[in-house]
Amino acid sequence: MHVGLVMECDFRMGVTQEEAFDEALAMADTADQYGLDGVWLAERHFAAPRRPGDPMGAGIPSVVSVPLVMASAIAGRTKQVRIGTGVSVLPLCHPVRLAEEAATVDQVSQGRLEFGVGRSGFARSYDGYGIPYAESRARFQESLDIILKAWSEERFSYEGEFYQFNDLCVLPKPYQKPYPPIRIAATTRDTFPQVGRSGHNVISGLRGFDVNEVEQHMEMFHQGRQEAGHEGKGEVFLRVPIYVAETDDLGRSDPEESTMRSYRRLGGLFGTSAGQAGTTVSEERRERAERLANVTYDDLLKDRLAYGSPDTVVEKLCQLRDRLGLDGIIMEPNVGGGLTVEKVLNSVRLYAQEVAPRMRESS
């Protein structure tokens, strides 16, 4: 059972970018010191402070636009913790460059890289890079194909819609053979069976879905994998908003304001992005926006959050693990970015010391 956490690398009001990097590295140190299995670096672009007249903004500002550079820094200061990308947005970077950078991280960490990949569910980042979001699915698949060839073949040629190479030798090769574990993000209904058919492992989250939806989607993932003839059930990792405090009252009250603000914003983003080029009807963005617009904190605590004392969080996570057949749980430690760094680090410490060992023992 993999027990890890995701790092959004926020910098909040009153905190400088330099302090934000210090906080992020301190969180990685805490995860390594207290024995968590992995830290997962988000990739966020143009997540600048909100401007007047832009009610949705870009959310909490973030400094993690190049996660593999952060991953290399973390690799140099930690000993045990695995380092994941959660996720690398493949269409926004040249695939050969990504293959080189990720393999370098795997080498300097001596095989601790987890390569989580996706295409992002929203077009804002694509606009900034001048890439049509409508091309995101095709670009994602082409990029992943190229990266795997670059890692597993001494030399390769490729003829695609966006990239063409002839007799290319990419170095370095990864430390892990043939390459690091690949985990593909699934955030829309039709993506789950596609990931299953690909034979790769899946990573998803409880932000845009409730538990019932995730359960249905995981069944589609396993069915797709079985129909394609892949052996084994494939690994399933789930990102879960988690906050651990000394008591249930603190665990629920401390993050309430920040969490509700985050889910209201998420609902607004689903609404404004519905129907954009590159989205599909099966994503049900308008329906998801309506549900989140009316969701209460009690609703979230029931279906999408694991907040409370260590005992309560262990019980909630064990229920999720058993119901969804999870192989890994990744903590979202500060939904909305409103908690102080002291409260976040205390929550991570409690998660690592009092929740993680019991999750592993009971798995």
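Before going into details, it helps to say that this report is about the structure given with it. These numbers come from a predicted model, not from an experiment.

For the bond from Gly 86 to Val 87, the omega torsion is 10°, close enough to zero to count as cis. Relative to the assigned elements, Val 87 resides in strand β3 (residues 82-89). Along the chain, Lys 177 connects to Pro 178 via a cis peptide bond; the corresponding omega equals 0°. Among the structural elements, Pro 178 can be located in the loop between β6 (164-168) and β7 (182-185). A positive phi angle, near 55°, is found at Cys 9, a position not held by glycine. Its identity as a non-glycine residue notwithstanding, Asp 167 has a phi of 50°, on the positive side. Mapped onto the elements, Asp 167 comes out in strand β6. Relative accessible area serves as the criterion here: at 44%, Asp 167 is assigned to the partly exposed category.

This part covers the pattern of salt bridges. Taken as a whole, this structure holds 19 salt bridges when the rule is applied. As a salt-bridge pair, Asp 29 and Arg 77 come within 2.6 Å of each other at their nearest N and O atoms. Residue Asp 29 is located in helix α1 (residues 17-33), and its partner Arg 77 is located in helix α2 (residues 67-77); the two are separated by 48 residues in the primary sequence. One salt-bridge network, in which partners are shared between bridges, spans Glu 8, Asp 10, Arg 44, Arg 239 and Glu 332.

Let's shift gears to the environment of Thr 187. Relative to the helices and strands, Thr 187 is located in the loop between β7 and α6 (191-198). On a C-alpha basis, the gap between Thr 187 and Arg 239 in space is 11 Å, while along the polypeptide they are 52 residues apart.

Another point: the packing of aromatic side chains. Tallied over the full model, the rule gives nine aromatic pairs. Measuring from centroid to centroid gives 6.0 Å for Trp 40 and Phe 237, while their planes differ by 75°, and the two rings are edge-to-face. Placement of the pair is Trp 40 in strand β2 (residues 38-41) and Phe 237 in strand β9 (residues 236-244), with a sequence separation of 197 residues. Taken together, a centroid distance of 6.2 Å and an interplanar angle of 35° make the contact between Trp 151 and Tyr 179 tilted. Linking Trp 151 in helix α5 (residues 136-152) with Tyr 179 in the loop between β6 and β7, this pair joins segments that are 28 residues apart in sequence. We classify Trp 151 as buried; its relative accessible area is 4%. The structure contains a cluster of three or more aromatic residues connected by ring pairs, namely Phe 115, Trp 151 and Tyr 179.

What follows deals with the environment of Arg 124. Assignment of secondary structure puts Arg 124 in helix α4 (residues 124-129). With a relative accessible area of 39%, Arg 124 lands in the partly exposed category. Between the alpha carbons of Arg 124 and Phe 46 there is a distance of 8.0 Å; along the sequence they are 78 residues apart.

Bringing helix α13 (residues 341-361) into the picture now. Residues spaced three or four apart along an α-helix point in a common direction, a consequence of the helix completing one turn every 3.6 residues. Relative to the 30 Å expected for 21 residues at 1.5 Å per residue, α13 spans 29 Å between its end C-alpha atoms, a close match to the ideal helical length. Buried-residue contacts for α13 involve β1 (2-7), α1, β9, α12 (310-324) and β11 (328-332).

Within the largest apolar cluster, 95 residues are counted, with the highest numbers of intra-cluster contacts made by Met 7, Ile 242, Leu 317 and Tyr 351. It is α13 that contributes the most residues to this core, eight residues altogether. With sequence-adjacent residues up to four places away left out, Leu 317 is seen in contact with Val 240, Ile 242, Ala 306, Ile 329, Tyr 351, Val 355 and Met 359.

What follows concerns the pairing of strand β8 (residues 201-205). With five of five residues buried, β8 lies mostly within the body of the structure. Burial of the side chains of β8 extends over both faces: Asn 201, Ile 203 and Gly 205 are buried on one face and Val 202 and Ser 204 on the other. The pairing of β7 with β8 spans three bridges and is parallel. Bridge pairing in β8 places Ile 184 opposite Val 202. Taken together, β7, α6 and β8 constitute a β-α-β crossover, and its handedness is right-handed. Strand direction decides the pairing type here: β8 and β9, joined by four bridges, are parallel. Directly across from Gly 205, in β9, lies its bridge partner Arg 239.

Let us look at the packing of helix α7 (residues 211-227) against α12. As a packed pair, α7 and α12 sit with axes 10 Å apart at the nearest point and diverge in direction by 30°. Looking at the two axes, α7 sits roughly parallel to α12. The residues of α12 that touch α7, namely those facing Val 211, Asn 212, Val 214, Glu 215 and Met 218, are Leu 320, Arg 323 and Leu 324.

How each quantity is defined
- Residues numbered from 1 in each chain as written.
- Predicted model: local features only at pLDDT ≥ 70, side-chain atom pairs only at ≥ 80, totals over all residues.
- Heavy atoms only, no water.
- Helix = DSSP H or I, 4+ residues; strand = E, 2+ residues; numbered from the N terminus.
- Buried < 20%, exposed > 50% of the residue type's maximum accessible area, 1.4 Å probe, protein only.
- Salt bridge = Lys/Arg side-chain N within 4 Å of Asp/Glu carboxyl O.
- Phe/Tyr/Trp six-rings, centres within 6.5 Å; stacked < 30°, edge-to-face > 60°.
- Expected span 1.5 Å × (residues − 1).
- Contact = heavy atoms within 4.5 Å.
- Core = buried A, V, L, I, M, F, W, Y, C linked by side-chain atoms within 4.5 Å.
- Pairing = 2+ DSSP bridges.
- Right-handed = clockwise from strand over helix to strand, strands pointing away.
- Axes fitted to C-alpha atoms, helices over the stretch in contact; angles between N-to-C directions.
- Parallel < 35°, antiparallel > 145°, perpendicular 65-115°, else oblique.

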